[in-house]
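Examination of the molecular architecture
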Amino acid sequence: MSATSPIAPFYAATADLGPPLAAVDLTALRANAADLVRRAAGRPIRVASKSVRCRAVLEEVLGAGLTAAGGFAGLMSYSLAEAIWLVRQGARDVLLGYPSADRAALAELGSDPVLLEAITLMIDDVAQLDLVRAAVGSATVHPRVCLDVDASLRIGPVHLGVRRSPIRTPEQAAELAETAVGRGFRVVGLMTYEAQIAGLPDTSLPVRLVKKASAREIGRRRGAVLDAVRAVTGPLEIVNSGGTGSIELSAAAPGVTEITAGSGLYVPTLFDGYRSFRPRPALYFALPVLRRPASGMVTVFAGGYIASGPAGASRVPQPVWPKGLRLLGTEGAGEVQTPLAGAADLSIGDRVWFRHAKAGELCERFDRLYLVDGDGSRVAVPTYRGEGKCFG
């Protein structure tokens, strides 16, 4: 194997381990973290925990703290139960990226002053306020909340972006903020997630033009929404925006106080098409060769780790080493076995290394990650799954 292969550090460092296994290149991870900070141009970066799903990696990234030149500060959680668990483990600033209907977790939040100060709930509907208040069970508890404002681009009947919040206009946002304040909630933030910018690769000129148009539109609308909400609440602690694919645009946006990113640490295959930055893949997994069903073909164990989102070729894992391997169109990546073509030199027991299409989802398939440092040393750390946690 060439010493320049991105998989080379893993061969020696994991040679005594039996696959399947997942490994993180710490050198690449740290380089990606530094590049995210550079792109944020001094704005704090909130780490999206769903894109990491491993406390040791979260601690690695957050460990450097926040300096005058920027850095990582705080977490964005995808589940209230997850947020509570992270706070119990020492986190002190967790923003939920999504509303919660977990009544048990809301009751726990309302009963603990530490959780109430550390966790900010996400809302976009008065009915969510009703649910939270009923679950908390007390009018004297004042949860922190952040307003989720729709950041999609609409051109006539065309909707570009994800289907998230029904709150879009300054009037709608101000009305929700006023209702929340009137019901005893502390409105401390506002979020706009421009999925059609952050999650869309720069694959063509039309795509890049649409992304620029979308950035202009949400930039203007965000300013008006902020003015309307602040007229109700006063200054906001949090004005959150962006993702790995749109950091520069969010960093340049007036009023934005922080940017969320997470996938750019591991760099899954869905980020290979971006032109605005050149990250380094950091997370890989290895599967053992079980069969040689035909000349130039092998079958590896398991492998059907299909990513969420619209079904298609972009959501399947990709073999990356040895080079030249490819999935079969008739079978794809299977639950218990995955056939690969282009494997003339592989033998039973050899390893094939893959990359996943998305970031943290791979951690739902492995109970540990092997963190491999530049000197070839390794340490095994548990994923969420390895700690017995599953948050949906």
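As a starting point, this report considers the structure included with it. It should be emphasised that the depicted structure is a prediction, and the values quoted were computed from it without experimental measurement.

What counts, and where the lines are drawn
Residues numbered from 1 in each chain as written. Predicted model: local features only at pLDDT ≥ 70, side-chain atom pairs only at ≥ 80, totals over all residues. Heavy atoms only, no water. Helix = DSSP H or I, 4+ residues; strand = E, 2+ residues; numbered from the N terminus. Buried < 20%, exposed > 50% of the residue type's maximum accessible area, 1.4 Å probe, protein only. Expected span 1.5 Å × (residues − 1). Polar contact = N/O pair within 3.5 Å; in protein donor to acceptor, adjacent residues only side chain to side chain. Core = buried A, V, L, I, M, F, W, Y, C linked by side-chain atoms within 4.5 Å. Contact = heavy atoms within 4.5 Å. Axes fitted to C-alpha atoms, helices over the stretch in contact; angles between N-to-C directions. Left-handed = near helix turned anticlockwise from the far one by under 90°. Phe/Tyr/Trp six-rings, centres within 6.5 Å; stacked < 30°, edge-to-face > 60°. Lys NZ or Arg CZ within 6 Å of the ring centre and 35° of its normal. Salt bridge = Lys/Arg side-chain N within 4 Å of Asp/Glu carboxyl O. Disulfide = S-S within 2.5 Å.

1. Thoughts on unusual backbone geometry
Residues apart from glycine generally show negative phi values, whereas peptide bonds are mostly found in trans. Of note, the bond from Pro-19 into Pro-20 is cis; its omega dihedral lies within 30 degrees of zero at 10 degrees. Of note, Pro-20 is situated in the loop between helix H1 (8-13) and strand E1 (21-25). Of note, the amide linkage connecting Trp-321 to Pro-322 takes the cis form, showing an omega dihedral of -5 degrees. Tracing the backbone shows Pro-322 in the loop between strand E15 (318-321) and strand E16 (326-327). Of note in this structure, Val-267 is not a glycine but carries a positive phi near 60 degrees. Among the secondary structure elements, Val-267 is positioned in the loop between helix H12 (263-266) and strand E13 (283-294). The class of Val-267 is buried, set by a relative accessible area of 3%. Despite not being glycine, Ala-302 has its phi angle at roughly 55 degrees, a positive value. Along the chain, Ala-302 turns up in the loop between strand E14 (297-301) and E15.

2. Focus: helix H2 (residues 26-40)
Between its first and last C-alpha atoms H2 spans 21 Å; for 15 residues at 1.5 Å apiece the expected length is 21 Å, and the two agree. Among the residues of H2, Leu-26, Ala-28, Leu-29, Asn-32, Ala-33, Asp-35, Leu-36, Val-37, Arg-39 and Ala-40 are the ones counted as buried. At the N-terminal end of H2, a side-chain oxygen is found 3.0 Å from the backbone nitrogen of Thr-27, two or three residues along, and the residue is Asp-25. Of the residues one or two after H2, Ala-41 is the one with positive phi, at around 50 degrees.

3. Considerations on the nonpolar core
The biggest cluster of nonpolar side chains holds 98 residues, and the ones touching the most others in it are Ile-119, Tyr-266 and Leu-369. Take this core: its biggest share by element is seven residues, from H2. Once residues lying within four places of it in the same chain are set aside, the contact partners of Ile-119 are Leu-80, Ala-83, Ile-84, Val-87, Val-94, Leu-96, Leu-109 and Arg-144.

4. Some thoughts on the packing of helix H5 (residues 103-110) against helix H7 (residues 126-136)
Two numbers describe how H5 lies on H7: the axes approach to 8 Å, and their chain directions differ by 65 degrees. The two elements H5 and H7 meet at a crossing, and its hand is right-handed. Residues Arg-103, Leu-106, Ala-107 and Gly-110 of H5 form the contact with H7, whose participating residues are Leu-131, Val-132, Ala-135 and Val-136.

5. Quick look at the packing of aromatic side chains
All chains considered together, the criterion is met by ten aromatic pairs. Judged by centre distance (5.1 Å) and plane angle (10 degrees), the ring pair of Phe-285 and Phe-354 falls under stacked. Here the residue Phe-285 occupies a position in strand E13, and Phe-354 occupies one in strand E18 (residues 351-355), the gap between them amounting to 69 residues. Relative accessible area serves as the criterion here: at 0%, Phe-285 is assigned to the buried category. Phe-354 gets classed as buried once you look at its relative accessible area, which sits at 1%. Put simply, the rings of Tyr-78, Trp-85, Tyr-384 and Phe-391 touch in pairs and so form one group of aromatic residues. For the cation-ring pair, Arg-53 lies above Tyr-78, with the distance from its terminal atom to the ring centre recorded as 4.8 Å. The ring of Phe-185 is capped by Arg-133, whose NZ or CZ atom sits 4.7 Å from the centre of that ring.

6. Some thoughts on the pattern of salt bridges
Two side chains that carry opposite charge are able to pair once their charged atoms sit near each other. Counted according to the given criterion, the structure contains 20 salt bridges. Measuring nitrogen to oxygen at the nearest pair gives 2.6 Å for the salt bridge that ties Glu-248 to Arg-39. Of this pair, Glu-248 sits in helix H11 (residues 247-251) while Arg-39 sits in helix H2, placing them 209 residues apart in sequence. Its relative accessible area of 3% is what places Arg-39 among the buried residues. The partner of Arg-53 in a salt bridge is Glu-364, and the shortest N-O contact between them spans 2.8 Å. One end of the pair, Arg-53, is in the loop between strand E2 (44-48) and helix H3 (55-62); the other, Glu-364, is in the loop between E18 and strand E19 (368-372), and 311 residues separate them in sequence. Judged by relative accessible area, which is 23%, Glu-364 ranks as partly exposed.

7. Quick word on the state of the cysteines
Scanning the model with the defined rule gives zero disulfides in all. Here Cys-54 is not disulfide-linked; the sulfur of Cys-363 is the nearest cysteine sulfur, at 6.1 Å. With no disulfide partner, Cys-390 has as its closest neighbouring cysteine sulfur the one in Cys-363, 13 Å distant. Overall, the relative accessible area of 64% leaves Cys-390 in the exposed class.

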